[in-house]
Amino acid sequence: MSIITYNHLNGKIIFGRGSIHILEQLIQDMKPYKKALIIDENVSRFHNQLINELSSTINPDLHIELPGGEQTKTIDTVRELWINLYEKEFTRTSVLIAIGGGVIGDLSGFTASTYMRGIKFIYIPTTLLAQADSCIGGKNGVDFKVKNLIGTFYIPTYTIIDPIFITTLPKREFRNGLAEIIKHGIIGSEKILKMLEKNMQEINAQNQLIEKLIRLSIEVKLNIVELDYKESGVRRILNLGHTFGHAIEKISDYKISHGEAVSMGIATAARISKYTLGFTGEKRIINILRNHNLPTEIPYTLDEMEEALLHDKKRWSDKLTLILIREIEEVIPMDIELEELKRVWEAI
Ligand code: ADP
Ligand code: ZN
């Protein structure tokens, strides 16, 4: 597959196998004063040779390796990064290059956007979830009190999506990404769902198909984010499966992963949509999720989830917004009172 470039607001997204090798040229053309490289430790370990090559051609003034995973996503880590940038005399014409999963992307994006009110940022996502979903749309953040409370919107100058990285992902991480791809299929790409239905054997990173799925997924998200960057309207539909998903993750104390929780959330949204909107594709969606080894049953009662549902960050009210499915490629936000949700819950 060839390399494709998308414009994304004031940045560019470069997608395709081998696209990582464009990095050197991009940096040369940028002529940054200083360069910082922030890498996920696991990526550095699994892609040792590639990272060494990149590092020796980029020759960064600052090279930092951080563990992936949610524990790293704190304001303390950001503080360390700010200190390092300051001590190495980074200026506004310098660049920060991040290579890693969503955690490294969030941390680095937040750091790049706040240091001197914003320095140049290049992001190279390395998990399926980050490549197919979170690297698009410019959201970043750190966990503070609750997950992702503090953050900014900041579009990287370049986002380089090279599927070579995901070949080393653990299966569970791979499935996390697949859940978001299925979400994008329901929201805006019947084609994604058809591809997943045709290939019921487990899709993995070696499979050519995954590259196509990532590309379609990126396109769905790009189209929506371009219409509503700051999530005041249509972008909310990207939260399909996430109202329940966030609550499930939280009460499981994050033992249930994001993708697993979102998968349960999508299945639940499909059931509620059947009941309230007459959606006919509920079984189809549940089958796709199950066939790709994603869970579809929430292991908690509504009572157990009530608190987490209502007190999700940024919401302090008795109303919830659920994203429901009228039909494939037609997804709508719907406000629902808790009492009403209880009634629906009993019925489904
Ligand atoms: P996400 O991208 O889902 O938000 P993280 O950034 O926390 O998640 O990454 C999940 C885990 O996968 C972390 O342990 C991280 O170090 C690891 N990881 C990231 N990229 C790769 C890769 N290409 N190969 C193997 N492990 C990776
Ligand atoms: Zn998500």
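The structure under discussion appears in the preceding block.
Below: a short report on this structure. (Residues numbered from 1 in each chain as written. Chains lettered and ligands numbered in written order. Predicted model: local features only at pLDDT ≥ 70, side-chain atom pairs only at ≥ 80, totals over all residues. Heavy atoms only, no water.)

1. Examining the coordination of the zinc ion (ligand 2)
Then, in step 1: In this structure, Glu 180 (OE), His 242 (NE2) and His 258 (NE2) serve as the protein donors to the zinc ion (ligand 2), at separations of 1.9 to 2.1 Å.
Then, in step 2: All donor residues of the zinc ion (ligand 2) come from one chain, and their arrangement in sequence is E-x61-H-x15-H. Linking Glu 180 in helix H7 (residues 171-188) with His 258 in helix H11 (residues 258-277), this pair joins segments that are 78 residues apart in sequence. Each of the two residues, Glu 180 as well as His 258, counts as buried. (Donors = N, O, S within 2.8 Å, 3.2 Å for Na, K, Ca; no water. Helix = DSSP H or I, 4+ residues; strand = E, 2+ residues; numbered from the N terminus. Buried < 20%, exposed > 50% of the residue type's maximum accessible area, 1.4 Å probe, protein only.)

2. Details of the sheet that holds strand E9 (residues 158-161)
Then, in step 1: Strand order in this open sheet of seven strands is E1-E2-E9-E6-E5-E3-E4, and the pairing throughout is mixed. Each end of this open sheet is capped by a strand with a single partner; those strands are strand E1 (4-8) and strand E4 (62-66). This sheet shows a mean twist of 15° between the axes of neighbouring strands, independent of strand direction.
Then, in step 2: Two strands pair when backbone bridges link them, and strand E6 (residues 120-125) and E9 are joined in this way by two bridges, in the parallel orientation. Across the sheet, Ile 122 pairs through a bridge with Tyr 158, a residue of E9.
Then, in step 3: Those strands touched by helix H1 (residues 23-30) are strand E2 (11-15), strand E3 (35-40), strand E5 (95-100), E6 and E9, and its axis lies near 175° from that of E6.
Then, in step 4: Across the sheet, helix H4 (residues 75-87) touches E3, E4 and E5, and the angle it forms with E4 is around 170°. (Pairing = 2+ DSSP bridges. Axes fitted to C-alpha atoms, helices over the stretch in contact; angles between N-to-C directions. Contact = heavy atoms within 4.5 Å.)

3. Topic: the site of ligand 1
Then, in step 1: Around ligand 1, the surrounding shell holds 18 residues, and the nearest of these are Asp 40, Asn 42, Gly 102, Thr 127 and Thr 168.
Then, in step 2: Within the side chain of Asp 40, an N or O atom sits 2.8 Å from an oxygen atom of ligand 1.
Then, in step 3: Within the contact set of ligand 1, an oxygen atom lies 2.7 Å away from a backbone nitrogen or oxygen of Gly 102.
Then, in step 4: Burial of ligand 1 by the protein chains amounts to 87% of its free accessible area of 570 Å².
Then, in step 5: Within the residue set of the shell around ligand 1, elements represented by two or more residues are helix H2 (41-46) and helix H5 (102-114).
Then, in step 6: When residues in the shell around ligand 1 are grouped by element, the largest group, three residues, is from H2.
Then, in step 7: Grouping the constituent residues of the shell around ligand 1 by class yields seven nonpolar, nine polar and two charged. (Near = heavy atom within 4 Å. Polar contact = N/O pair within 3.5 Å; in protein donor to acceptor, adjacent residues only side chain to side chain. Areas by Shrake-Rupley, 256 points an atom, 1.4 Å probe, with all protein chains shown as cover. Nonpolar A, V, L, I, M, F, W, Y, C, P; charged D, E, K, R; others polar.)

4. A few points about the nonpolar core
Then, in step 1: Ranked by size, the top nonpolar core spans 73 residues in total, and within it Leu 96, Ile 186, Ile 210 and Leu 213 carry the most contacts.
Then, in step 2: The dominant element in this core, judged by the number of residues it contributes, is helix H9 (residues 209-227), at ten residues.
Then, in step 3: Setting aside residues no more than four positions away along its own chain, Leu 96 makes contact with Ala 36, Ile 38, Leu 85, Ser 108, Thr 111, Ala 112, Ile 119, Lys 120, Phe 121 and Ile 122. (Core = buried A, V, L, I, M, F, W, Y, C linked by side-chain atoms within 4.5 Å.)

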